Amino acid sequence: MWRKDPKLDEAIERDKRYKLCARVVREVLNEPGQAIPLSYLERRRERLHLMDKIKTFLRRNPLLFDTCYDRIKPKSEPVLFVRPSHRLRNFLQEEKRIQLENEELLVAKLCKLLMMAKDKVISADKLVHVKREFGFPNDFMVSLVDKYPNYFRLTGFPGEGQSFLELVDWNPEFAKSVIERRAEEESRLTGIRVRPNFNYKLPPGFFLRKEMREWVRDWLELEYVSPYADASHLEQSSPEMEKRSVGVFHELLSLSLFKRVPVAILGKFCEEYRFSNAFSSVFTRHSGIFYMSLKGGIKTAMLREAYKGSELIDRDPLLEIKDKSLLVVHVDKLDAERRRLPLCASQFSLANYACGTLPFMQLPPPSSIPPPTISIKSSNPPPPPISPSSSPSPPGEGRGRHRHGRGHHHHGRTSTPAEQSCCRWLNELDVECVCDVLVRLPAFLAKPSHKYTLYVNGACVITYSCSGRIVP
């Protein structure tokens, strides 16, 4: 029976934003001149699976694209265009460099896919459809196939389903699966011959009934059938053929970037790899080896041994591209803070200078004025009161990303010029700067919304309202 694994589902959820950004980037790069009117991109939201409007997407990922006004036709009115930013272009150059450094790995992957096929031939269109799952570059049919004629040959005719990629030379070094290499390594380290076999690891809380445990034990005792060995003599319904099919799925998932592939994509290769029509049942029958996630309404086959909890431990060298791209996607928050730092520093300096001229007071303020308080909407006790006269810079806790507010009012008595200057510059402080002062608070104090109220010798009361560290 299928059982949900929340940790492995979490791994898929974590990469959702990366894949969404990659889809939008590809859409823009495929346009003539690598620029597209914003209105055109808005019409393609459904195809790109974008839930938000394009303007919202651009605002949340400001470092991916630049916007500019241009004309669609020579005499038409200027409209807003979207084009790759300078930072994104630098990342694309870095992507090419990483792929070039790992070219031998890409050649080996492509050879392995062909070596496992029935006739050592796979439709070129099918390989193009799965290029992103295995990390192949967009132009791999030119950059790899033409560059290595000793391994590959493109046959057939141009057109849908009429061209095929054929293996030219069989390399024995490539004809070893991950399981066989692991057994060889264990034999070398221990000095004892280790038989190749699968790692069977059940998820937490999952148990097999006695008869199923016996079936799994007997099945694991069968001789391992290499996915690169000739399987033409095996019966389709035999246990040996099932073990060979499991070996092919294990190798395919091991060759993929994230050690997971949508089941629909694997189904494209039923003819080449001799999968049965009910091949997807393998992932539930052998739940100690695979996991079939239903996250997002898509069936995804995952290799269980490649993950520890929700973290991918068996990382492909090509994933360095993804790590660098995440910096492009998520660095927007950090850059926004850095751009705001000089502005905040100058505001605080002016407020410090103005309020530093007030006389130092050790006595509590008059009874007509409430004592200095910091109100924090949290279950934890508030920190002790802070006097603005003894601490010139305005106090603040947490970070406000949105829904900030400021309250300011004067009391009845006549204030001195020094007090008026202090009130003026405290009132000019940007609320986000105030909320960023104590950004190093622990998480349990950072999320709730909170307020900071300053009392200036009875001259004015200024309140800064922050919504907390809640990022939309």
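Residues numbered from 1 in each chain as written. Predicted model: local features only at pLDDT ≥ 70, side-chain atom pairs only at ≥ 80, totals over all residues. Heavy atoms only, no water.

For the chain, the name recorded in an unreviewed UniProt entry is PORR domain-containing protein, with Linum tenue as its organism.

1. Let's talk about the state of the cysteines
As a reminder, the rule being used: The criterion for a disulfide is a pair of cysteine sulfur atoms lying within 2.5 Å. Secondary structure elements follow DSSP: runs of H or I of four or more residues count as helices, runs of E of two or more count as strands, with numbering from the N terminus. Type-normalised accessible area, obtained with a 1.4 Å probe on protein chains alone, sets the label of each residue: buried when under 20%, exposed when over 50%, and partly exposed for intermediate values.
Per the stated rule, a full pass over the model turns up two disulfides. Across a sulfur-sulfur distance of 2.0 Å, cysteine 355 and cysteine 422 are joined as a disulfide pair. Sign of the S-S torsion, about 90° for the bond between cysteine 355 and cysteine 422, identifies this disulfide as right-handed. Taken together, the residues cysteine 355 in helix 17 (residues 320-355) and cysteine 422 in helix 18 (residues 417-428) connect sequence positions 67 residues apart. Note that cysteine 423 is cross-linked by a disulfide to cysteine 460, the S-S spacing being 2.0 Å. As the torsion about the S-S bond is roughly -95°, the cysteine 423-cysteine 460 disulfide counts as left-handed. With a gap of 37 residues between them, cysteine 423 in helix 18 and cysteine 460 in strand 14 (residues 460-466) connect regions that are remote in the sequence. Each member of the pair, cysteine 423 as well as cysteine 460, carries the same accessibility label: buried.

2. A closer look at the pattern of salt bridges
Basically, it comes down to this: Take a side-chain nitrogen of Lys or Arg and a carboxyl oxygen of Asp or Glu: if they are within 4 Å of each other, that pair is a salt bridge.
Summed over all chains, the structure comprises 25 salt bridges. Residue aspartate 15 pairs with arginine 260 through a salt bridge whose shortest N-O separation is 2.6 Å. In this pair, aspartate 15 sits in the loop between helix 1 (6-14) and helix 2 (16-29) while arginine 260 sits in strand 7 (residues 260-262), placing the two residues 245 residues apart along the sequence. Taking the relative accessible area as the measure of exposure, aspartate 15 reaches 7% and is therefore buried. Two residues, glutamate 103 and lysine 147, come together in a salt bridge whose shortest N-O distance is 3.0 Å. In this pair, glutamate 103 is assigned in helix 7 (residues 103-116) and lysine 147 in the loop between helix 10 (140-143) and strand 5 (152-156), connecting sequence segments 44 residues apart. Residue glutamate 103 is classed as buried on the basis of its relative accessible area, which comes to 12%. The exposure class assigned to lysine 147 is partly exposed, which follows from its relative accessible area of 47%. A network of salt bridges, in which partner residues are shared, links Glu27, Glu31, Arg44 and Arg47.

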